Amino acid sequence: MQYLKMKLVIIQINILIKFKMKIKRSKITFSILTCLLIGIAITSCSPEDGIDGIDGIDGIDGADGIDGVDNSGKTYLSLTGDITDAEASEKISNDVGSDTQFITVKGTTQLTTLDFSDIIDNWELIEVIIEDNDALSTVVLSSVTDVSTDLFIRGNDLLTTLSLDNITQVGDYFAISNNAALTSVDFPNLKSVSAISIDENDAIMSIDLPLLESVEGEISIRYNIALTNIDLPLLASVGDFGIARNNAITNIDLPLLKSAERSLFIGYHDALTNIDLPWLESVGYNIEIGNNDALLNVAIPQLASVGSWLSVNYNSSLESLAFPELATIGGQIKLNDNMLNTSSVNEILIQLAGISPALTDRNINLKQIPGTVPTGDGQTAVTTLEDNGNDVYVDTP
């Protein structure tokens, strides 16, 4: 049909050319006829959907549909102030589409539910900020798979439901903080994130990141006073790892963690009794495990290299500690103010004295509470370390 229409137009133009000479004295008449025929050509060659749309004369809108409605959405979605659930739902329906890249929901006073579940499959965004919303209780972003920069969920006091079931990657910083009513963090498909902080969420009891394998930057889990479980079964490498002041947690188990590029800090827990890092081999700078009053066991059997400080101190219940594979340490050694028994003190001293090349110019503190005097080979190791120019502090009879 389109071919026939086009052919008819061509015939009409040819006829016009043939009769040009006959009407050449009237240039205006010829121009008018030419414009009319061009208009016929344009309308005649249009696709047959023919249904007028809001952004097209004849209803053409690419792949969006024959009615010409533009479903690609706006680049930015912002919800603020006293917007209601109904108003937010309408705005999401009208403004969100495949082109939407930034979502900001900030400072709302009446919004209770934020649901993007039926918008787009496999949705990739640039930035998501949801923070300081007084009444927000439910956030559903289950269709989001990738956020290329930051994802912030912060300061939403009534938030109880957070659904990010299909998120696989966050390019920069992922922060979940100061959400007083949120009870769990569960991202079953998250594999990659540059840095993540889960801090100051008073009701969170569990953190489950079953597929997370590596974090280039920091993992921070702090001040979650109800937290009892952290599940990171596949985590193998991290830049910095900080777990602090989670008063209810009793066990920290990182079964596959092999390296921390910079630091590892575990401190200030009231109920923590066990730390198990069975495959940790190297820490680029510092290890600090301190002020965990109930801590009974620290297992780091494969630890071979610490770039700077090794500090395990002020754990007033800790009786045993060993680093049987430790071969390199770049800084000070602070293993004081625990309750290490004589066997542990002797074993550590012998291990440190046997490192090659020999440790020199180090501060080594193994004074315990109330006091554990090294004996036999342990005391011999003290002499060796001192002869090599180290300052060694141990309990004396």
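See above for the structure.
Residues numbered from 1 in each chain as written. Predicted model: local features only at pLDDT ≥ 70, side-chain atom pairs only at ≥ 80, totals over all residues. Heavy atoms only, no water.

1. Let's talk about the overall build of the protein chain
Here comes step 1: Across its full length, the protein chain holds five helices and 28 strands.
Here comes step 2: When the accessible surface of the protein chain is summed, it comes to about 18,800 Å², and 53% of that surface belongs to carbon and sulfur atoms. (Helix = DSSP H or I, 4+ residues; strand = E, 2+ residues; numbered from the N terminus. Areas by Shrake-Rupley, 256 points an atom, 1.4 Å probe, with all protein chains shown as cover.)

2. Some details on the environment of threonine 84
Here comes step 1: With respect to the helices, strands and loops of the structure, threonine 84 is situated in the loop between β1 (76-80) and α3 (85-95).
Here comes step 2: For the pair threonine 84 and threonine 112, spaced 28 residues apart in sequence, the C-alpha separation works out to 7.9 Å.
Here comes step 3: Ignoring anything within four residues of it in the chain, the contact list for threonine 84 reads Gln110 and Leu111. (Contact = heavy atoms within 4.5 Å.)

3. Some words on the sheet that holds strand β19 (residues 274-276)
Here comes step 1: Overall, parallel pairing links the three strands, which are arranged β17-β19-β22 in an open sheet. Two strands lie at the open edges of the sheet, namely β17 (251-253) and β22 (297-299), each paired on one side alone. Direction aside, neighbouring strands of the sheet carry axes that sit 0° apart on average.
Here comes step 2: In terms of strand pairing, β17 meets β19 through three bridges, oriented parallel. Paired with asparagine 251 across the two strands is asparagine 274, which belongs to β19. (Pairing = 2+ DSSP bridges. Axes fitted to C-alpha atoms, helices over the stretch in contact; angles between N-to-C directions.)

4. Things to note about unusual backbone geometry
Here comes step 1: That bond from serine 356 to proline 357 is cis: its omega, -5°, falls within 30 degrees of zero.
Here comes step 2: Relative to the helices and strands, proline 357 resides in the loop between α4 (342-353) and β27 (363-365).
Here comes step 3: A cis amide bond, omega -5°, links isoleucine 369 with the succeeding residue proline 370.
Here comes step 4: With respect to the helices, strands and loops of the structure, proline 370 is situated in the loop between β27 and α5 (377-387).
Here comes step 5: At tyrosine 314, a position not held by glycine, the phi torsion is positive, near 60°.
Here comes step 6: Tracing the backbone through its elements, the reader meets tyrosine 314 in the loop between β24 (310-313) and β25 (328-329).
Here comes step 7: Although it is not a glycine, aspartate 361 adopts a positive phi angle of roughly 55°.
Here comes step 8: Looking at the secondary structure, you find aspartate 361 in the loop between α4 and β27.
Here comes step 9: Of the residues examined, aspartate 361 reaches a relative accessible area of 63% and is grouped as exposed. (Buried < 20%, exposed > 50% of the residue type's maximum accessible area, 1.4 Å probe, protein only.)

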